[in-house]
Amino acid sequence: MKKTTIWIDCDPGIDDAVALAMAAASRDQLRILGISSVAGNQVSDRVTENARRLAAFYGMEDVPVVRGAREPLLKVPETAASVHGESGLGNCRLPDTDKPLASENGVAYMAQAIEALPEGETLTLVPVGPLTNIALLLKVFPQVRAKIERIVLMGGSASGGNHSASAEFNIWADPEAAQIVFQSGLPIVMCGLDVTHQSGLYPEQVEALLRSEKPVEHAVGEMLSFYADTSSRGRTVACIHDAVTILYLTNPELFGGEWASVQVDCTNDINRGMTVCDRRAKTSPKPVLVLNQVDLPGFQKVMLEKLASI
Ligand code: BDR
Ligand code: CA
């Protein structure tokens, strides 16, 4: 089977950590060209360190990890420490690694890696943090657009926010970058809160992971028991937002959605960071597939199988 080539842009982050685990477990289907960090859930030094350690912990020694943007395009940086903890990974302590950072200038590195793809090969970008790096990539290196098949991102919502009443965290954290990406004209799959609030594990499944003696399952159990308390209060599942992107790539049959044109509110008013999803019949073009349905038992089965396989 032909593999899908992807680049993961992340701010680990507990659910980012699970997304990376899903990718590590899917290398029969996905070729991971690289992983970049972006300031978001925590400051750049912390998310970059977490990305490096996670890549090593999951056995992705061969995948380059690079440091991306240290702050949003215009907005004052703010973290989500109350959701992901001071370390960014809740109470989980990952082993140190001597895996080096492949670059301190991640966006330029990503551009070079994309340009170096063989003739005819394309790439899927998988951003699961603020869209700063992706906006910079598209603006500073427009020549890479031709090699980007699509963007499968976690962010946004057509039905209310989590960070504010109307804004989802990743979009709120860098609205100007998000507007650049959504208006780029590239095909986008938006794994926003409409689907991610329905996608997760039941408390007893998280507890079983925590009891596991396998290092990856146990670490993910530790992270998710922290995250369920801070981010999924009042929900029946511990939502694992970022992992939806990878499971959409490996198992698209589990999801459903609607096509839309998406604009980001970049005003300084109450709706700053809101993704305004226009699904009206008369609107054209509609380059964004806004996911809003998941087969939950199927999602959980695939996720638990992948975690057990690492
Ligand atoms: C998104 O915000 C972050 O805190 C998570 O890592 C995820 O990417 C969910 O709104
Ligand atoms: Ca994230």
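So, how was this worked out
- Residues numbered from 1 in each chain as written.
- Chains lettered and ligands numbered in written order.
- Predicted model: local features only at pLDDT ≥ 70, side-chain atom pairs only at ≥ 80, totals over all residues.
- Heavy atoms only, no water.
- Core = buried A, V, L, I, M, F, W, Y, C linked by side-chain atoms within 4.5 Å.
- Buried < 20%, exposed > 50% of the residue type's maximum accessible area, 1.4 Å probe, protein only.
- Helix = DSSP H or I, 4+ residues; strand = E, 2+ residues; numbered from the N terminus.
- Contact = heavy atoms within 4.5 Å.
- Donors = N, O, S within 2.8 Å, 3.2 Å for Na, K, Ca; no water.
- Polar contact = N/O pair within 3.5 Å; in protein donor to acceptor, adjacent residues only side chain to side chain.

As named in an unreviewed UniProt entry, the protein is Nucleoside hydrolase, taken from Candidatus Acutalibacter pullicola.

Draft legend 1. How the structure looks around the nonpolar core. I8, I35, Y58, L224, F255 and M303 are the most contacted members of the largest nonpolar core, which has 62 residues in total. For this core, the leading source of residues is helix 1 (residues 14-24), giving nine residues. Setting aside residues no more than four positions away along its own chain, I8 makes contact with L20, A23, I32, G34, I35, S36, V126 and I246.

Draft legend 2. Representation of the coordination of the calcium ion (ligand 2). The calcium ion (ligand 2) binds to the protein through D11 (OD), D16 (OD), D16 (OD), V128 (O) and D242 (OD); the donor distances cover 2.3 to 2.7 Å. Mapping the donors of the calcium ion (ligand 2) onto the primary sequence yields the spacing D-x4-D-x111-V-x113-D. A residue pair is termed long-range when its members are at least 10 positions apart, and D16 in helix 1 and D242 in the loop between strand 8 (238-239) and helix 11 (243-250) qualify at 226 residues.

Draft legend 3. Expanded view of the environment of E121. You can see E121 is positioned in the loop between helix 4 (106-115) and strand 4 (123-127). Distance in space between the C-alpha atoms of E121 and I148 is 9.2 Å, their sequence separation being 27 residues. The contact partners of E121, leaving out residues within four places of it in the chain, are T5, R31 and K147. Within polar-contact distance, the side chain of E121 engages the side chain of T5 at 2.9 Å.

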